[in-house]
Structure formats: C-alpha cells, structure tokens
Amino acid sequence: MSQTPQQQDLEGRTALVTGGASGIGLAAARALAGSGAHVVVADVDEAGAQRVADELGGRAWAVDLLDTAALADLSLEVDVLVNNAGIQKVAPIQEFDPADFHRILVLMLESPFLLVRAALPHMYERGWGRVVNVSSVHGLRASPYKSAYVSAKHGLEGLSKTIAMEGAAHGVTSNCVNPGYVRTPLVEKQVADQAKVHGIPESEVVERIMLGETPIKKLVDPEDVGSLVAWLAGPHAAMVTGASYTMDGGWTAR
Ligand code: NAD
C-alpha cells in the first residue's frame with residue numbers, strides 16, 4: 001500500500017500510549033501507528049493491550065499504573081509519550097472516599113510524572129521528544145462532583161507546562177489535549193454515576209447535562225482526539241509547546 005508523506009512522519013519513532021487498549025488511547029495508538037510510529041500499548045487490561053498491539057504490529061506492556069513503586073526506577077526508550085490512562089468517579093466531596101481521591105491522583109498525575117521522568121533522559125539524549133497529556137476540559141474548568149478528576153487534570157496541566165519549560169532546550173515539547181464529552185466506555189460509566197448523583201434518568205444526563213452544556217450538540221469521536229494527539233507528535237507542531245488544545249464542541253467557550 002502506498003503511503004502519503006504525512007503517514008511517514010513518525011517513521012523510526014517509538015510511541016508509548018497509556019490506556020491504549022480502549023477509547024481515546026486506542027484511537028491515539030491507531031493514529032500514531034498510522035503516522036509510522038512503532039507503538040507500545042501500556043494498559044492494565046493485558047488482553048486488550050495485546051489485541052491492540054497485534055492489530056498495529058506494536059508491543060503490549062501489561063502494567064498497573066497505580067503501582068508507582070514499579071515505575072520509580074524505570075527507564076523508557078520512547079520518543080513519544082502519551083499519558084492517557086484515566087478513570088472517573090462522581091460523588092459529592094463530603095461523600096467522596098479519600099482512597100478513591102488518592103487513587104485518581106496517583107493514576108492521573110503521579111504516574112504521568114513518573115513516566116515522563118523515566119522517558120526524558122532518552123529524549124534529551126536524542127534531542128527530540130514529544131509528550132502529549134490527555135487532559136480534559138476539566139483541566140481548565142470545574143464541574144460539581146468530580147473533585148478528584150478535576151484536581152488531577154488541573155495538576156496535569158501544570159505538569160505539562162513544566163515539562164515544556166524544562167524540555168524546550170532539549171527538543172522536547174509537551175502539550176495537553178482537552179476533550180469534552182467523548183464517546184468511550186469511561187463516559188458511559190459516568191452517565192450511570194451522574195444519573196445516581198443527580199437523581200435523574202441516564203438519558204437526561206446525556207441530553208440535559210452533556211449535550212446541554214455542549215454548543216455543538218454531539219459527543220466527540222475518539223478518532224478525532226487520536227488525530228490531534230498524532231498531530232501534536234508530528235513535525236507541523238514543532239513550535240507548539242506548553243499548550244492546551246480543547247476539542248469540546250464549544251464547551252469551554254460558553
Ligand atoms: P476508557 O475507559 O475507554 O479507557 C481508559 C483506559 O485506561 C482503559 O483501557 C483502562 O484499562 C486503562 N486504565 C485504567 N486504569 C489503569 C491502570 N491502573 N493502569 C493502566 N491502565 C489503566 O477511557 P477514555 O474515555 O478513553 O479516557 C482516556 C483519557 O481521556 C482519560 O485520561 C480521561 O480522563 C480522558 N478524557 C476522557 C473524556 C471522555 O469523555 N471520555 C473526556 C476528556 C478526557
């Protein structure tokens with residue numbers, strides 16, 4: 001099959017995608033592979049990671065990113081790091097289990113820090129690296145009942161900008177993508193949880209809350225977020241760093 005020049009953009013590069021077995025991570029892994037990268041699919045879902053790795057001719061890394069001890073002494077030889085794995089929990093602060101708060105902070109803020117820490121020496125040595133952090137509109141704005149998620153994503157925004165500052169002299173960029181509501185298993189679970197918290201049917205969560213808050217009355221397709229991730233890793237984004245790219249149907253512009 002002939003390939004356009006753009007499809008070769010990441011030829012010779014290795015890209016690691018956390019949470020690559022599902023949703024946005026899967027779409028990002030496919031987009032990066034489509035740009036020529038060798039993709040490492042890191043996920044706690046071992047079978048899912050292997051399935052995606054087989055599809056893309058890449059490699060699976062079965063890893064629980066909550067196990068920070070295992071990440072502390074790691075050395076990663078990757079050129080593109082996509083910090084994407086995430087979970088969501090919806091509950092009022094006074095009912096929010098502190099253990100859940102901690103778990104979300106570890107998975108969505110501490111583990112990205114540890115992976116970046118493990119990858120930067122290789123990137124600095126090669127004088128080239130791309131860190132793409134899958135944040136959220138909740139990295140920029142709050143919503144009720146998502147205290148841990150909003151806190152972790154706001155922290156990730158700060159981490160991403162700090163990587164951008166430190167990496168600039170070494171050819172390393174770091175950016176966030178900030179999706180609104182994306183059609184993935186995570187959002188399906190969130191619909192069920194929000195229905196309980198608000199005491200309304202699930203259909204109303206989608207219609208009244210999710211689409212009601214979104215000027216373009218549609219959920220985002222994961223493939224579009226995946227394309228944005230691959231673009232941020234590609235040559236046309238060489239001058240983009242410390243930035244946050246919303247893809248939210250106008251959610252943050254309201
Ligand atoms: P998803 O549930 O479809 O996929 C998440 C992936 O992360 C799964 O494959 C899961 O196995 C993996 N994962 C979970 N815990 C893990 C762990 N401890 N170690 C390793 N892997 C683990 O979710 P998604 O919607 O694709 O979300 C991906 C990212 O996008 C998250 O960071 C999420 O916050 C962000 N995001 C999602 C939306 C949305 O509407 N879906 C919106 C904005 C941001």
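Our structure is the block above this text.
Since the structure is predicted, the reported quantities are computational estimates derived from the model, not experimental observations. (Residues numbered from 1 in each chain as written. Predicted model: local features only at pLDDT ≥ 70, side-chain atom pairs only at ≥ 80, totals over all residues. Heavy atoms only, no water.)

Visitor: Provide a residue-level description of the nonpolar core, including the pertinent values.
Guide: Formed by 31 residues in total, the largest nonpolar core has its most connected members in L32, V82 and V177. Leaving out residues up to four positions away in the same chain, V177 has contacts with V132, N133, V134, S135, S136, V225, L228, V229, L232 and Y245. Core analysis: the second largest hydrophobic core is formed by 30 residues, A85, I104, A148 and L156 among them. (Core = buried A, V, L, I, M, F, W, Y, C linked by side-chain atoms within 4.5 Å. Buried < 20%, exposed > 50% of the residue type's maximum accessible area, 1.4 Å probe, protein only. Contact = heavy atoms within 4.5 Å.)

Visitor: Go over the site of the ligand with me, naming the residues and quoting the values.
Guide: In the vicinity of the ligand lie 29 residues, with S22, D43, N84, Y149 and T184 positioned nearest. A distance of 2.6 Å separates an oxygen atom of the ligand from a polar atom in the side chain of S22. Taking T184, its side chain carries an N or O atom lying 2.5 Å from an oxygen atom of the ligand. Coverage of the ligand by the protein amounts to 92% of the 830 Å² it exposes when considered alone. Elements with a minimum of two residues in the shell around the ligand: α1 (23–34), α5 (147–167) and α6 (185–198). The element contributing the most residues to the shell around the ligand is α6, with 3 residues. (Near = heavy atom within 4 Å. Polar contact = N/O pair within 3.5 Å; in protein donor to acceptor, adjacent residues only side chain to side chain. Areas by Shrake-Rupley, 256 points an atom, 1.4 Å probe, with all protein chains shown as cover. Helix = DSSP H or I, 4+ residues; strand = E, 2+ residues; numbered from the N terminus.)

Visitor: I'd love a proper account of the pattern of salt bridges, names of residues and values included.
Guide: Across all of its chains, the model carries 6 salt bridges by this definition. A salt bridge links R30 to E55; the nearest nitrogen and oxygen atoms lie 2.7 Å apart. A residue pair is termed long-range when its members are at least 10 positions apart, and R30 in helix α1 and E55 in helix α2 (residues 46–56) qualify at 25 residues. With relative accessibility at 38%, the residue R30 sits in the partly exposed group. The closest approach of N and O atoms between E204 and R208, which form a salt bridge, is 2.6 Å. Pair noted here: E204 and R208 are both in helix α7 (residues 202–211), with a separation of 4 residues, about one helical turn. Several salt bridges converge on common partners, so that one network encompasses K89, D100 and R103. (Salt bridge = Lys/Arg side-chain N within 4 Å of Asp/Glu carboxyl O.)

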